[in-house]
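Understanding the architecture of this molecule
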Amino acid sequence: SGTVLLEIQIPTGYRVEEKDLKVMIRERYIRNLREAENWPGQVNFGFEYVDVVPICFQFQAKRWIPVANVSRYYEIRAYEWFEPANMHRSIYTFRN
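A brief report on the enclosed structure follows. (Residues numbered from 1 in each chain as written. Predicted model: local features only at pLDDT ≥ 70, side-chain atom pairs only at ≥ 80, totals over all residues. Heavy atoms only, no water.)

Across the sheet, which stays open at both edges, the five strands sit in the order S3-S4-S1-S6-S7 with antiparallel pairing between neighbours. Here the strands that pair on one side only, and so sit at the sheet edges, are strand S3 (33-39) and strand S7 (83-93). The mean inter-strand angle of the sheet, taken between neighbouring strand axes irrespective of direction, is 15°. The strands that helix H1 (residues 18-27) touches are S3 and strand S4 (42-47); relative to S3, the one it contacts most, it runs at about 170°. (Pairing = 2+ DSSP bridges. Helix = DSSP H or I, 4+ residues; strand = E, 2+ residues; numbered from the N terminus. Axes fitted to C-alpha atoms, helices over the stretch in contact; angles between N-to-C directions. Contact = heavy atoms within 4.5 Å.)

Here is the structure:
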């Protein structure tokens, strides 16, 4: 594939620290990761390419603002930058 974006929704009131994202890129311990950024309600990761070898990583979203009603299901979407119709969506469950 070409450049792939991974958009991961995160719960309201949670945020991934910018310094953690910068370390992920600078240390290059995640294969093909080229960018990572916070957006309201989600965190985005950009990969140079993906192939048949799985890319596994983790990150921590910390609670910044207390929220009374947190949804249980969130979407993860992966798609090619130059061919956004070529995408995959999955749902994950949030747990404390």
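Next comes the rest of the description.
Our focus in this paragraph is the nonpolar core. Grouped together as the largest cluster of nonpolar side chains are twelve residues: Leu6, Ile8, Ile10, Val16, Leu21, Met24, Ile30, Leu33, Ala36, Val43, Phe45 and Phe47. Element by element, the count of residues in this core is highest for S4, at three residues. Residues in contact with Met24, not counting those within four places in the same chain, are Tyr29, Ile30, Leu33, Phe45, Phe57, Gln58 and Phe59. (Core = buried A, V, L, I, M, F, W, Y, C linked by side-chain atoms within 4.5 Å. Buried < 20%, exposed > 50% of the residue type's maximum accessible area, 1.4 Å probe, protein only.)

What follows covers the pattern of salt bridges. For the coordinates displayed, the defined rule picks out seven salt bridges. Of the charged contacts, one joins Lys62 and Glu17 as a salt bridge, the two residues approaching to 2.9 Å between their closest N and O atoms. Taken together, the positions of Lys62 in strand S5 (residues 62-63) and Glu17 in the loop between strand S2 (14-15) and H1 put the pair 45 residues apart, joining distant regions of the chain. Among the ionic pairs, Arg26 bridges to Glu27, the shortest N-O distance being 4.0 Å. Using a relative accessible area of 48% as the deciding quantity, one classes Glu27 as partly exposed. (Salt bridge = Lys/Arg side-chain N within 4 Å of Asp/Glu carboxyl O.)

Let's shift gears to the packing of aromatic side chains. A complete count under the given rule lists four aromatic pairs for this structure. With a centroid separation of 4.9 Å and an interplanar angle of 70°, the aromatic rings of Phe45 and Phe57 are classed as edge-to-face. Of this pair, Phe45 sits in strand S4 while Phe57 sits in the loop between S4 and S5, and the two are twelve residues apart along the sequence. In this structure Phe45 comes out as buried when scored by relative accessible area, which is 0%. Aromatic pair Phe45 and Phe59: ring centres 5.4 Å apart, planes at 50°, arrangement tilted. In this pair, Phe45 sits in strand S4 while Phe59 sits in the loop between S4 and S5, placing the two residues 14 residues apart along the sequence. Clustering of aromatic rings is evident, with ring pairs tying together Phe45, Phe47, Phe57 and Phe59. (Phe/Tyr/Trp six-rings, centres within 6.5 Å; stacked < 30°, edge-to-face > 60°.)

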